Amino acid sequence: MKMKIKPGYLFIVPAVIMLALFYLYPFMKVLQMGFYDWDGISPKTIFVGLSQFQDIIFSNPVWWQSMWHAAYITILALIFQNGLALLLAMLVDRGIKYGNAYRVIFFLPPILSGIVVGLIWNWIFNGNYGLFNHWLSDIGLGHLSRSWLSDPKTALTCVAVIHMWKGFGWGFIILLAGLQNIPRTLYEAARIDGASGWDVFRRITVPLMMPVFVLVMVLTILGTMQIYDIIVSTTNGGPGYHTEVPVTRIVARMLFSSQFGYACAMSLVFGAVLVVLSVSQMKLSQYLKRV
Amino acid sequence: MYINIRNILASLLIILSIAGCSGKPAQNIPSKEIIVWHWLSDRSDAFDALARKYKVQTGINVRFELYAPTMVYMSKVRAAAQTNTLPDIYGVHMERKDFASLIDGGLVADLTPYMDADNSAWKKSFFQAGLIMNTFQEGNQYDVKPGIYGVPIDINNIQLIYNLDLLKKAGWDTSRLPSTWQEFISLGDMLKKAGIQGMASGWGEPWMILCFADNMAWNIMGKEKVLATIRGEVPYTDPDWIKVFSLFRQMKDHGLVSDGIVTMVNKEAEQDFANERAAIAFNGSWCINVYESMNPDLKLAVAMPPKADPKNPMYIWCGTTSFVVNGRSQMKEEAIKFLQWLTDCNQQTELAVATNNIPSGKMCTDVLKGPIRQFTEGMEYAVHPRLLPVEEYPLVTEAFQKGVQSIIIGEETPEEVAKAVQEMKERETKKAERFKRIKR
């Protein structure tokens, strides 16, 4: 029994097995469980068709509220986190003094655990003995003091600030790598031709950095929409539902309500939203490149 | 390139055979070993010491495996239940519904015959509340065969803990603690005036708020009306429930809750109380260990929550740390014998002394002193939702908890929250009925 096998296919067999075992199979299982009512323990599963999806999409306002919260944090991160990352990357790219030290310092927050970061900021934003209120008092703004993470007006924005503080280092490193790939000769030529700093940024840096911007934006969207650890260690989704995000809702259904099937359906809906967002982002960047 | 499939298969067979034979030699595997999973990091050393003692007495090796924190433990048990890899004995830290599912899957042994043996000697040794939490009664809503399925190792209850120094500082006469709601409010006013934060508790977690609310609800309207609400016969918009919700607003207005309580996890609340940043704590009996380790100079007193209706009794929540025996374990009989030994008064006393927790054996509490003793006295008034024949929908309890948080932060009124909780109740009831129809 002899069979002709192209050797190239043999080389990819281990990767295909790993992919099937740890990616495709769990995904298919989640897809399947979305159609079943299952508590995660019992051997009994009951087919409920599309009713869980129907409930999530049409009758679960908290779910869509949590989606909006994640979107709000994402919008802030896209603007401020990436803006700060770009600014700092450009400063370091200019060869400022102690540039290497800044690289290390700016990359420290991303390597810390989200839970640790959350606990540190919990202490900073604490209403009774927090550093932030202390600083406000020092500069004469003591009347603004509050429990920042327990106030519904400020809780979500504070969580976004913590997330951005933790995340800007990633953008910084990627953007800096992108900036350093731009040939210096282009800048020198533009200067000789009399281009201003703004012109150089607009006509050279931005077009050449476009693929890097797209990458950073996609990573920011995907990373921020899936925010979880910082929420758990700061507000636990509260006060009320004010800082609930999709992942906290999924975990709550899975672990605290024992609705595994429903949580799987939520994950699928959430996954679909992320795919739509990513594809839209890609399309938009392709369009911008053409323009 | 031609490849001989037979050769590949033969090679694979050889490799697998070699791999299969390369495990530990059989003589290295202990002949008898009971494996116990738990999440109780504070009791780990005491358990290990007892395991060593058991080995000396019986020759049987017992290995306690700690998986903490709780969430990690819960996930591990779930995963092991799905893959049938649960150990001989494991701690149950889950909802009643999940406990029922484990029993349904044959993963929990029915201990009733062992409890009933020798004129129910084993059964009679426990605090009733601890045992009932491991019992499924006749006609339970999960259709589980009636019986006792778990063994309480220690028990706890949740009460108010006062920092006597801070109360004195606020001008409160510490010879008696508030026993009525009015006195509680007066204490809050005094603390507020003295600039001392009121109560620290893990009200950012789902269950702590529910616990306090349940205490007050039982006091205001009694058990039957609470049960009728869960059964859907009384709405959450009933005036008695509005009264329960209003208590939280009063607590906020009179300085009885510390700033940030609505997002506080219990660990943080424990730190605040231990470091004297809050005068009152609402916490379980396990907290005494925590406070003593953080601040040994703390002067504490424990008391039941104050009565909102002085005519009715006050009840408190109790809990238990329970172990179950895996129904599919090959060491089932040995595991049960070990649990009988572990809950004997000698071992219970050792455990109580080493861990400062309330033993599950009601005759073994003499060794307890100080605040933990005060907690023990509260066991007479202990109840737990698990003792009730019906259980509220998880999303209704979530809406309840989130609603109370909204009342405390002044975002919603008690009436608005009551309406929202009732709407969730109706939604979940309809959904459950729809699911029932689909299941049929």
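**As for the pairing of strand β4 (residues 89-92) of chain B**
Residues and elements named next belong to chain B. Where strand β2 (residues 33-38) meets β4, two bridges bridge the pair, whose relative direction is parallel. Paired with Trp37 across the bridge in β4 is Tyr90. Across four bridges, β4 lies against strand β11 (residues 316-325) in antiparallel orientation. In the sheet register, Gly91 faces β11, and the bridge partner there is Phe323.

**Observations concerning the interface of chain A and chain B**
With 54 residues of chain A in contact, the opposing surface of chain B contributes 45 residues. In total, chain A and chain B occlude about 4300 Å² of area from one another, counting both sides; carbon and sulfur atoms represent 54% of this. Linking chain A to chain B there are five salt bridges. Those elements that place two or more of their residues in the side of chain A that touches chain B are β1 (2-4), α1 (7-33), β3 (46-47), α2 (51-59), α12 (246-256) and α13 (260-290) of chain A. Of the residues forming the side of chain A that touches chain B, the biggest block, seven residues, is contributed by α12 of chain A. Considering only residue class, the side of chain A that touches chain B consists of 24 nonpolar, 21 polar and nine charged.

**Some words on the layout of surface pockets**
All names here are of chain A. The computed volume of the second largest pocket comes to approximately 750 Å³. Residue lining of the second largest pocket: 27 residues in total, with Pro26, Phe27, Val30, Cys264 and Ser267 positioned closest to the centre. Elements represented by at least two residues in the lining of the second largest pocket include exactly α1, α12 and α13.

**Quick word on the packing of helix α3 (residues 61-93) of chain A against helix α8 (residues 155-180) of chain A**
When two helices pack together, you describe them by how their axes are tilted relative to each other and by the distance separating the axes. All names here are of chain A. At a closest axis distance of 6 Å, the pairing of α3 and α8 adopts a crossing angle of 40°. Taken as axis vectors, α3 and α8 run oblique relative to one another. Seen along the crossing, α3 lies across α8 with a hand that is right-handed. When grouped by side-chain class, the residues that make up the contact of α3 with α8 number 21 nonpolar, eight polar and one charged.

**Some thoughts on a nonpolar patch on the surface**
All names here are of chain A. Taken together, the side chains of Leu84, Leu87, Leu91, Ile96, Tyr98, Tyr102 and Ile105 make up a nonpolar region of the molecular surface, amounting to roughly 650 Å² of accessible area. It is α3 that provides the largest number of residues to the nonpolar patch, a total of three residues. Examined against the element boundaries, Tyr98 turns out to sit in the loop between α3 and α4 (99-106). On the basis of relative accessibility, which here comes to 58%, the residue Tyr98 falls in the exposed class.

**So, the nonpolar core**
Residues and elements named next belong to chain B. Residues Trp203, Met251 and Ile280 are the most contacted members of the largest nonpolar core, which totals 66 residues. Examining the composition of this core, we find that 14 residues originate from one element, helix α9 (residues 206-230), more than from any other. Apart from residues lying up to four places away in sequence, Ile280 is in contact with Leu160, Ile161, Tyr162, Phe184, Leu187, Leu191, Gly198, Met199, Ala200, Leu256 and Phe273. If you look at the next biggest cluster of nonpolar residues, it comprises 52 residues, including Phe47, Phe323, Ala335 and Ile336.

**Section: the state of the cysteines**
Structurally, a disulfide amounts to a covalent bond that connects the sulfur atoms of two cysteines. Residue and element names in this part refer to chain B. According to the stated counting rule, one finds one disulfide over all chains in the structure shown. With its sulfur 2.2 Å from that of its partner, Cys345 forms a disulfide with Cys364. Torsion about the S-S bond of the Cys345 and Cys364 cystine: about -120°, corresponding to left-handed handedness. In this pair, Cys345 sits in helix α14 (residues 345-355) while Cys364 sits in the loop between β12 (358-359) and α15 (371-377), placing the two residues 19 residues apart along the sequence. With relative accessibility at 5%, the residue Cys364 sits in the buried group. This cysteine, Cys318, is not joined by any disulfide, and Cys211 carries the nearest cysteine sulfur, 9.9 Å off.

**Details of the confidence of the model for chain B**
All names here are of chain B. Across chain B, the average pLDDT comes to 88, with 92% of residues at 70 or higher. Here helix α1 (residues 5-21) is the element of chain B with the lowest mean pLDDT, 51, and helix α10 (residues 239-253) is the one with the highest, 97. Below pLDDT 50 for its whole length, residues 19-30 participates in zero contacts with residues either more than four positions away or in separate chains. Taken together, the chains of this predicted complex give a pTM of 0.81 and an interface ipTM of 0.78.

Here is what the cut-offs are and how they apply
Residues numbered from 1 in each chain as written. Chains lettered and ligands numbered in written order. Predicted model: local features only at pLDDT ≥ 70, side-chain atom pairs only at ≥ 80, totals over all residues. Heavy atoms only, no water. Pairing = 2+ DSSP bridges. Helix = DSSP H or I, 4+ residues; strand = E, 2+ residues; numbered from the N terminus. Contact = heavy atoms within 4.5 Å. Buried area = accessible area lost by both parts, 1.4 Å probe. Salt bridge = Lys/Arg side-chain N within 4 Å of Asp/Glu carboxyl O. Nonpolar A, V, L, I, M, F, W, Y, C, P; charged D, E, K, R; others polar. 1 Å grid on protein atoms, 1.4 Å probe; cavity = no way out; pocket = protein on both sides within 12 Å on 5 of 7 lines; lining within 4 Å. Points joined across faces, edges and corners; volume = space filled by probe spheres on them. Axes fitted to C-alpha atoms, helices over the stretch in contact; angles between N-to-C directions. Parallel < 35°, antiparallel > 145°, perpendicular 65-115°, else oblique. Left-handed = near helix turned anticlockwise from the far one by under 90°. Patch = residues over 30% accessible without salt bridge, like charges linked within 9 Å, V, L, I, M, F, W, Y side chains within 5 Å. Areas by Shrake-Rupley, 256 points an atom, 1.4 Å probe, with all protein chains shown as cover. Buried < 20%, exposed > 50% of the residue type's maximum accessible area, 1.4 Å probe, protein only. Core = buried A, V, L, I, M, F, W, Y, C linked by side-chain atoms within 4.5 Å. Disulfide = S-S within 2.5 Å. pLDDT = per-residue confidence, 0-100.

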